[in-house]
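So the chains spell out like this:
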Amino acid sequence: MTVPQPPEPIPGARLLFSLDPSVSHLNHGSFGAVPIAVQRAQQRLRDEMEANPLRFFTQGLVDRIAHARRHLAAFLGADPDGTTLVGNATAGAAVVLQSLALRPGDEIVTTDHGYGAVALSVARECARTGAVSRTLPVPLTATDEEVVEIVRDGLRPGRTKLLIVDQLTSPTARLFPTAAIVAVARERGVPVLVDAAHAPGMLPATVASVGADFWVGNLHKWAYAPRGTAALVVAPPWRERIQPLVVSWEQDSGFPVRVEWQATLDYTGWLAAPVGLFTLRSLGVDRVRAHNAALAAYGQRVVGDALGVAPERLPEPGGPAVAMRLVPLPPGVATTLDAARELRARIADRLSAEVSIAGWNGRGYLRLCGQVYNTPDEYDRLAVRLPTLLAQG
Ligand SMILES: Cc1ncc(COP(=O)(O)O)c(C=O)c1O
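None of the values given here were measured: they were computed from a predicted structure. (Residues numbered from 1 in each chain as written. Predicted model: local features only at pLDDT ≥ 70, side-chain atom pairs only at ≥ 80, totals over all residues. Heavy atoms only, no water.)

As for the sheet that holds strand E11 (residues 356-360)
If you trace the 3 strands from one edge of the open sheet to the other, you get E9-E12-E11, paired in antiparallel fashion. At either margin of the open sheet sits one strand with a lone partner, and together these are strand E9 (324-328) and E11. Here the strands of the sheet are splayed against their neighbours by 35° on average, with no regard to which way each runs. Summarising the sheet, E11 and strand E12 (residues 363-369) pair through 5 bridges and their orientation is antiparallel. By the bridge assignment for E12, Ile357 is matched with Leu366. (Pairing = 2+ DSSP bridges. Helix = DSSP H or I, 4+ residues; strand = E, 2+ residues; numbered from the N terminus. Axes fitted to C-alpha atoms, helices over the stretch in contact; angles between N-to-C directions.)

In structure tokens form, the structure reads like this:
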């Protein structure tokens, strides 16, 4: 079988970023990359803050944050009155968890594709409240219908107080049918938190179309916002129950302001986030999405071929817009967290390539992303050199 053609590059896109040109940055999904225009916008805001901190914090900052929030909510297709800004998806999940007032015997259900830090947050909330958590195993090859079925069977009405599902999973780069999952959970009376850390900027589905009780997405990954910019979207019945992680001066302002205002923080990232959306729109949102997904598919195929993985054994992402793809590593390689970290660092040091490596259910996987600053030859180079590096152990 022939390798799919890589997409046409988006001319000049790499120059929009300040990335080290000696490195192949093939892991946009972990920490994103902030375009230079966005960095500059944030720096201008910091200059303004440092010119007169008192004025910056006390005259209109709450309104400026609200303005940015409305702008970001419109982009996400979210109800602006249900949207609040938080630092990251991990924080958004923690806000939801600690607002639920869980009691002994209550249950939180997750899947085995969930994000590690969110799982730790669930564990802490359970330890604090006496609630318990249960993880549903979902095979990597499950169809959307099977995923929905597994979730439907895994919920215990009355006992399950929250289901957490990821829109696009981190260790397995799998798009879950979140709207259908939310629908079956609703039938069973179970609220759903959708961890959509990767959705903003990458996936076309609007927040409203997912219909979750709680939805959290990072703008600092695929929407080019400064780091520390995420949106938590809450359905109407829950808004007044949502409490901030830190009580501060806006506590009596209610949702969403009391969640956003976390005392003296650097809020300039949120104010500069609309410039990230402007950058994305300037390049063409659909064009960027199509480019990134096609490039990730190309990378998956060439690296998969180099490792001897038959094309039909390469995990399917579950949808055409997904710009992250998995390549299974040889059995026994990077199956634990420590081994995955060690291999990631070795690939970075020896091959000058940044990738994500994760062990999942006893198998190690390499995760590749496509982004506008990437070119096909970066994946080709990795494909040529990776087998030797793996053979060296
Ligand atoms: C599914 C998922 N949830 C949560 C996160 C955490 O994001 P953050 O570190 O911005 O909180 C990630 C990060 O990659 C993720 O992939």
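A word on the domain arrangement of the protein chain
Domain assignment breaks the protein chain into domain 1 (13-33 + 284-391) and domain 2 (38-278). Centre-to-centre separation of domain 1 and domain 2, based on C-alpha positions: 26 Å. Domain 1 puts 31 residues into the contact, and the matching count from domain 2 is 23 residues. Summed over both partners, the interface of domain 1 with domain 2 buries about 2200 Å², with 58% contributed by carbon and sulfur atoms. Of all residues in domain 1, Arg289, Met324 and Trp360 bury the most surface against domain 2, accounting for 29% of the area lost on that side. For the interface between domain 1 and domain 2, the tally reads 0 salt bridges. With 4 residues, the single largest contributor to the side of domain 1 that touches domain 2 is helix H1 (residues 28-31). A per-class count over the side of domain 1 that touches domain 2 returns 16 nonpolar, 11 polar and 4 charged. (Domains from an automatic or database assignment. Contact = heavy atoms within 4.5 Å. Buried area = accessible area lost by both parts, 1.4 Å probe. Salt bridge = Lys/Arg side-chain N within 4 Å of Asp/Glu carboxyl O. Nonpolar A, V, L, I, M, F, W, Y, C, P; charged D, E, K, R; others polar.)

Topic: the UniProt feature "domain: Aminotransferase class V" (unreviewed entry) in the protein chain
UniProt's entry tags residues 57-300 with the feature "domain: Aminotransferase class V" (unreviewed entry), counted in the numbering of this structure. Taken end to end, residues 57-300 comprises 43% helix and 14% strand; its first and last C-alpha atoms sit 47 Å apart. (UniProt positions renumbered as here; feature names shortened; annotations may be inferred.)

Structural notes on helix H6 (residues 116-129)
Under the 1.5 Å per step criterion, the end-to-end length of H6 is 20 Å for 14 residues, consistent within 8% with the ideal 20 Å. Against helix H5 (89-99), strand E3 (107-111), strand E4 (132-136), strand E5 (160-166) and strand E6 (192-195) lie the buried residues of H6. Note on H6: the residue one or two positions beyond its end, Gly130, has a positive phi of about 85°. (Expected span 1.5 Å × (residues − 1).)

A closer look at the site of the ligand
Thr90, Asp195, His198, Asn218 and Lys221 are the nearest of the 13 residues found near the ligand. At 3.3 Å, a backbone N or O of Ala89 approaches an oxygen atom of the ligand. Between the ligand and His220, the relevant distance is 2.9 Å, taken from an oxygen atom to a side-chain nitrogen or oxygen of the residue. Split by residue class, the shell around the ligand holds 3 nonpolar, 7 polar and 3 charged. (Near = heavy atom within 4 Å. Polar contact = N/O pair within 3.5 Å; in protein donor to acceptor, adjacent residues only side chain to side chain.)

Brief notes about the nonpolar core
By size, the foremost hydrophobic cluster in this structure holds 75 residues, and its most contacted members are Leu163, Val194 and Trp215. Counting residues in hydrophobic clusters, the runner-up holds 27 residues, among them Ala89, Ile108, Val122 and Val259. (Core = buried A, V, L, I, M, F, W, Y, C linked by side-chain atoms within 4.5 Å. Buried < 20%, exposed > 50% of the residue type's maximum accessible area, 1.4 Å probe, protein only.)

Considerations on empty space enclosed by the protein
Enumeration over the complete set of coordinates arrives at 2 cavities of 30 Å³ or more. Of the voids in this model, the largest cavity is the one considered here, and its volume is about 50 Å³. Around the largest cavity, the lining residues are Gly201, Met202, Trp222, Tyr224, Leu280, Val288, Arg289, Asn292, Ala323 and Gln371. At 3 residues, the largest contribution of residues to the lining of the largest cavity is made by helix H12 (residues 285-306). Taken together, the residues of the lining of the largest cavity sort by class into 6 nonpolar, 3 polar and 1 charged. Each of two domains, domain 1 (13-33 + 284-391) and domain 2 (38-278), supplies a minimum of three residues to the lining of the largest cavity. As for the second largest cavity, its lining consists of Ala94, Leu97, Gln98, Ser121, Arg124 and Glu125. Considering only residue class, the lining of the second largest cavity consists of 2 nonpolar, 2 polar and 2 charged. (1 Å grid on protein atoms, 1.4 Å probe; cavity = no way out; pocket = protein on both sides within 12 Å on 5 of 7 lines; lining within 4 Å. Points joined across faces, edges and corners; volume = space filled by probe spheres on them.)

Looking at the layout of surface pockets
By volume, the second largest pocket amounts to about 360 Å³. Along the walls of the second largest pocket sit 18 residues, with Thr141, Glu312, Arg313, Leu314 and Pro315 positioned nearest its centre. Per-class residue counts for the lining of the second largest pocket are 9 nonpolar, 4 polar and 5 charged. A domain-level breakdown of the lining of the second largest pocket finds at least three residues from each of domain 1 (13-33 + 284-391) and domain 2 (38-278).

Some remarks on the packing of aromatic side chains
Tallied over the entire structure, the rule returns 7 aromatic pairs. Aromatic pair Phe57 and Tyr267: ring centres 6.5 Å apart, planes at 65°, arrangement edge-to-face. One end of the pair, Phe57, is in helix H3 (residues 53-58); the other, Tyr267, is in the loop between helix H10 (257-260) and helix H11 (268-283), and 210 residues separate them in sequence. One aromatic cluster in this structure is built from Phe56, Phe57, Trp261, Tyr267 and Trp270. (Phe/Tyr/Trp six-rings, centres within 6.5 Å; stacked < 30°, edge-to-face > 60°.)

A closer look at unusual backbone geometry
With an omega of 5°, the peptide bond between Phe255 and Pro256 qualifies as cis. By the element assignment, Pro256 lies in the loop between strand E8 (230-234) and H10. Phi is positive for Ala101, which is not a glycine, with a value near 50°. Assignment of secondary structure puts Ala101 in the loop between H5 and E3. The exposure class of Ala101 is exposed, given its relative accessible area of 59%. Backbone geometry places Ala173, a non-glycine residue, at a positive phi of 45°. Mapped onto the elements of the fold, Ala173 is located in the loop between E5 and helix H8 (178-187).

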